Amino acid sequence: MGYATFAIIRAMRVRLAVGWIVGVVLAGGSGCTHGKAHEPTPELFRVAGSYEVGKNPTFLVTADFNADHIPDLATANINGQNVSILLGTGDGTFNERVRYRVGELPRTLVAADVTHDGVPDLVVANNGSNSISILKNKGDGTFEDAVHRPVGQSPLALTSADFNGDGFADLAVCLRFDRIVILLGDGTGGFREGEAFDPGDTPSAIVAADFNGDGFIDLAVANSGMMKGNVAVFFGDGKGTFKPAGEYGEHIRPIFLTIGDFNEDGKLDLVETDGPRNLLTLFLGKSAGEFDAGRGFSAESGPVFIATGDFNHDHHLDVAVTNSVSNSLSVVIGNGDGTFRFPPFDYQTDRGPFAAVVEDFNGDHVLDVAVAHFQSDNVTVWVGRSAEEQKAKKGT
């Protein structure tokens, strides 16, 4: 999130002012095609349950924390100074949350096996205490007390991958004041300081993938600053260092970023949420890790988080977007050629939908969606309907 939002968090230590994202819904964009006029919203999902997690969840991840082959959930609760673990039961429902204390203002978290024992641990970026918290998984879905490590001023986001090819999970941490810090893991949950570099103006989200096909992990960063918002790409050398490889987008304010192959050409694409303009922007991947100039398409009011999956069973990648102001989840149907159908299908949520993840929570081989609500302090699980169920519902 950008500078203004986190200034509010620091000053008030209470609720995040989601209303900073203002404006009207824009009517169409160059990346859209129109659907059928007045097409009713399909019943792609049904609500399986809602679960209290903690004070103002801002981030959500899914992983199998207790090694039972059932996906679980973890949230970062920014005004609770804790994270919550929800262990899945296998039928789309979850057990009551268990909370663990971390640092001040935990903003984001990542599930990664930093202890190299085959089960995912948790690493949390604490915006208020200028640190990360490392929670080592005991192997049964419970965690040791957090170990805190300073990283620099106001960490906003982080991602994990093996940047230097030693087989251990490393971290890339975005600091609000224009720095990315690389932390190289030792396989025991410890980290040594690696490279630090300037990614751009107020980096708020980061993803790791091999964009140029050289076998080394690269980084893409959403720079949300007012002065020079863009998406910046950095190529990794396989030794834990990175070099600038391009900046994309003009006059954008990306606050979240994710990857997918939206035109099915075998190259990774990038899509970001531009909250201040109520837009999503898609950057299609080209050869050698480059991207095109980007195309925008409209979103609901206050888009924050993006999750991807094939929700209507047409074998093309769609996106699900949380809209913090209009209290909705928008599903934007992909056409498989890098364009999307307009308008999106909107589903009402609890107050302040923020983070979302996609996974098959009930084991029926259909994708489900979990949404963390900042203002309602809960997570709601939306179970996906099969193609047959969707057809049956459409016919009733």
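Just above sits the structure.
Residues numbered from 1 in each chain as written. Predicted model: local features only at pLDDT ≥ 70, side-chain atom pairs only at ≥ 80, totals over all residues. Heavy atoms only, no water.

Here the focus is the side chain of S84. By the element assignment, S84 lies in strand β5 (residues 82-86). Relative accessible area serves as the criterion here: at 1%, S84 is assigned to the buried category. At 3.0 Å, the side chain of S84 forms a polar contact with the side chain of N77. Here S84 is in contact with V53, G54, L73, A74, T75, N77, R97, V98 and R99, once residues within four sequence places are set aside. (Helix = DSSP H or I, 4+ residues; strand = E, 2+ residues; numbered from the N terminus. Buried < 20%, exposed > 50% of the residue type's maximum accessible area, 1.4 Å probe, protein only. Polar contact = N/O pair within 3.5 Å; in protein donor to acceptor, adjacent residues only side chain to side chain. Contact = heavy atoms within 4.5 Å.)

As a rule of thumb, soluble globular proteins bury nonpolar side chains together. Counting residues in each nonpolar core, the largest one holds 79 residues, and the members touching the most others are L73, L109, L122, L135, L270 and V369. When residues in this core are grouped by element, the largest group, 5 residues, is from strand β28 (residues 353-359). With near-sequence residues (within four places) excluded, L135 lies in contact with V83, Y100, V102, D121, L122, V124, F143, E144 and A146. By size, the runner-up hydrophobic cluster in this structure holds 16 residues, among which are V151, L158, L175 and V181. (Core = buried A, V, L, I, M, F, W, Y, C linked by side-chain atoms within 4.5 Å.)

A separate point is the sheet that holds strand β25 (residues 328-332). Taken in spatial order, the 4 strands make up an open sheet running β23-β24-β25-β27, and their pairing is antiparallel. The open sheet has two edge strands with one neighbour each: β23 (303-309) and β27 (345-348). With strand direction ignored, the average angle separating the axes of adjacent strands in the sheet is 20°. When β23 meets strand β24 (residues 318-323), the two strands line up antiparallel, connected through 5 bridges. Opposite T308, over in β24, you have V319 as the bridge partner. (Pairing = 2+ DSSP bridges. Axes fitted to C-alpha atoms, helices over the stretch in contact; angles between N-to-C directions.)

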